[in-house]
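Residue-level structural notes
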Amino acid sequence: SLFPLMGLVLAIFFYSAKQEFKVEMLKGKRVIVTGASSGIGEQMAYRLARTGSHILITARTEGKLRKVSTQCRELGAASIHYVSGSMENMAFAQVVVKEAEKLWGGLDMLILNHIGSTYFGYFKGDTEHLRKLLEINVLSYVTMTVSALPMLKESRGSIVAVSSLAGKVGTPFTVPYSTTKFALDGFFSSLRQMLVVENANVSITLCVLGYINTDTAMKTVSHVIRNKPAPKEECALEIIKSGALRQRELHYPYISVRIPLLLRDWAPDFLDSLTRNNMDIEKVK
Ligand code: NDP
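The following paragraphs examine the structure supplied in this document.

Conventions we followed
Residues numbered from 1 in each chain as written. Predicted model: local features only at pLDDT ≥ 70, side-chain atom pairs only at ≥ 80, totals over all residues. Helix = DSSP H or I, 4+ residues; strand = E, 2+ residues; numbered from the N terminus. Rg over C-alpha atoms; globule rule 2.2 N^0.38 Å. Buried ≥ 20, exposed ≤ 12 C-beta atoms within 10 Å, placed from the backbone. Core = buried A, V, L, I, M, F, W, Y, C linked by C-beta atoms within 7 Å. Near = placed C-beta within 6 Å. Nonpolar A, V, L, I, M, F, W, Y, C, P; charged D, E, K, R; others polar. Axes fitted to C-alpha atoms, helices over the stretch in contact; angles between N-to-C directions. Parallel < 35°, antiparallel > 145°, perpendicular 65-115°, else oblique. Contact = placed C-beta atoms within 7 Å. Pairing = 2+ DSSP bridges. Right-handed = clockwise from strand over helix to strand, strands pointing away.

1. Comments concerning the overall build of the protein
Secondary structure summary: the protein contains ten helices and seven strands in total. Computed over the C-alpha atoms, the radius of gyration of the protein is 19 Å, within 12% of the 19 Å expected from 2.2 N^0.38 for a compact globule of 285 residues. Referenced to the eigenvectors of the C-alpha coordinate spread, the extents of the protein come out at roughly 65 × 50 × 35 Å. The proportion of buried residues among the 285 residues of the protein is 40%.

What follows is the structure in structure tokens.
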């Protein structure tokens, strides 16, 4: 009979219908964006401003945050605030969440996006750099998540953690960075399970990003990576959509992230050589 087939078609139809993003989903929502003074974080702040969200942005450089805030106000943010400081300091990570509580008495979305600066090059066993990067890229994410969870549980909110293909697949020249991004997968994928067990309705979205045209990425890798970077504006929109839709993971750009993820468990050596062949290794300093 055709019934099972029709059922499958209907299920796929309803599943994809559910996936549609509407700007109203974020209107009036209270959102924290970290690492919002430049790159993808800055673009996310502008996107949220256009949808009329309440926004709290953070990074170290106050001057840049001030400029991003002014722009957000002009674009239509329901409200915009910033706190400057370094995520090397876990007390500061807590201060940012406390600030949201003071401002709004609650929180709907926590977007964790900042990263400490690192190098693209040969790993020389610099464990101190790795320790510092783990603090900035991972521990501060954990600290902010822990502080924000009570508010997010109350609002049935969302956590969005920005990671990388280098946090899913081994890549040369990014040993400390990859270590921190793989750790995010471990923490957030386990926490997602924990929240289901606890019956807490807080979504967790892990964003697995490929190569994006931010100034930092262009400066560090454009002379080595052979493919073209994707635009940061579109990337920012896709991250926000995936959070609003409570997706488990975002894969952006779709094809250049999906193919390595598919190959990863089935042909890992082949994937490793493809990854190396995509780089001009001679040019690594
Ligand atoms: P940027 O370098 O443009 O932005 C990094 C942000 O983090 C800045 O706002 C910076 O501001 C802030 N930051 C740096 N150090 C600290 C610190 N110690 N404490 C607090 N904030 C800090 O990066 P991108 O926009 O390129 O990357 C954003 C995210 O996307 C990252 O998580 C990255 O891993 C991910 N990603 C990016 C890719 C790409 O190709 N661009 C590819 C894959 C993933 P300030 O200096 O003022 O503190």
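2. Details of the nonpolar core
Within the largest apolar cluster, 65 residues are counted, with the highest numbers of intra-cluster contacts made by Met44, Ala45, Ile55, Leu110 and Ala161. For this core, the leading source of residues is helix H5 (residues 127–155), giving eight residues.

3. Details of the site of the ligand
The environment of the ligand is made up of 27 residues, and the closest members are Gly35, Gly39, Arg60, Thr61 and Thr216. Of all the secondary-structure elements, those providing two or more residues to the shell around the ligand are helix H2 (39–50), strand E5 (158–164) and helix H7 (215–221). A per-element tally of the shell around the ligand places H2 first, with three residues. Broken down by class, the residue content of the shell around the ligand amounts to eleven nonpolar, 13 polar and three charged.

4. With respect to the packing of helix H9 (residues 254–266) against helix H10 (residues 268–277)
In the contact formed by H9 and H10, the axes pass within 6 Å of each other and the chain directions differ by 140°. In terms of orientation, H9 and H10 fall into the oblique class. Here Pro260, Leu263 and Arg264 of H9 lie close against H10, whose contacting residues are Pro268, Phe270 and Leu271. Considered class by class, the residues forming the contact of H9 with H10 number five nonpolar, no polar and one charged.

5. Digging into the pairing of strand E3 (residues 79–84)
Examined bridge by bridge, strand E2 (residues 54–59) and E3 share six bridges and lie parallel to one another. Across the sheet, Ala59 pairs through a bridge with Ser84, a residue of E3. Read as a crossover between parallel neighbours, the route from E2 over helix H3 (residues 62–75) to E3 is right-handed.

6. Quick word on the environment of Ser53
Along the chain, the position of Ser53 falls in the loop between H2 and E2. Judged by C-beta crowding, with 27 C-beta atoms within 10 Å, Ser53 ranks as buried. Along the primary structure Ser53 and Lys228 are separated by 175 residues, whereas in three dimensions their C-alpha atoms are 32 Å apart. Not counting chain neighbours up to four residues away, the residues in contact with Ser53 comprise Leu26, Lys27, Gly28, Lys29, Val31, Leu48, Ala77 and Ala78.

7. Focus: the pairing of E2
Judged by how many residues are buried, E2 sits mostly within the fold: six of six residues are covered. The side-chain alternation of E2 yields two buried faces, one formed by His54, Leu56 and Thr58 and the other by Ile55, Ile57 and Ala59. Of the strand pairs in this sheet, strand E1 (residues 30–34) and E2 are connected by five bridges, and their pairing is parallel. In the sheet register, Val31 faces E2, and the bridge partner there is Ile55. Between the parallel elements E1 and E2, the chain passes through H2 in a crossover that is right-handed.

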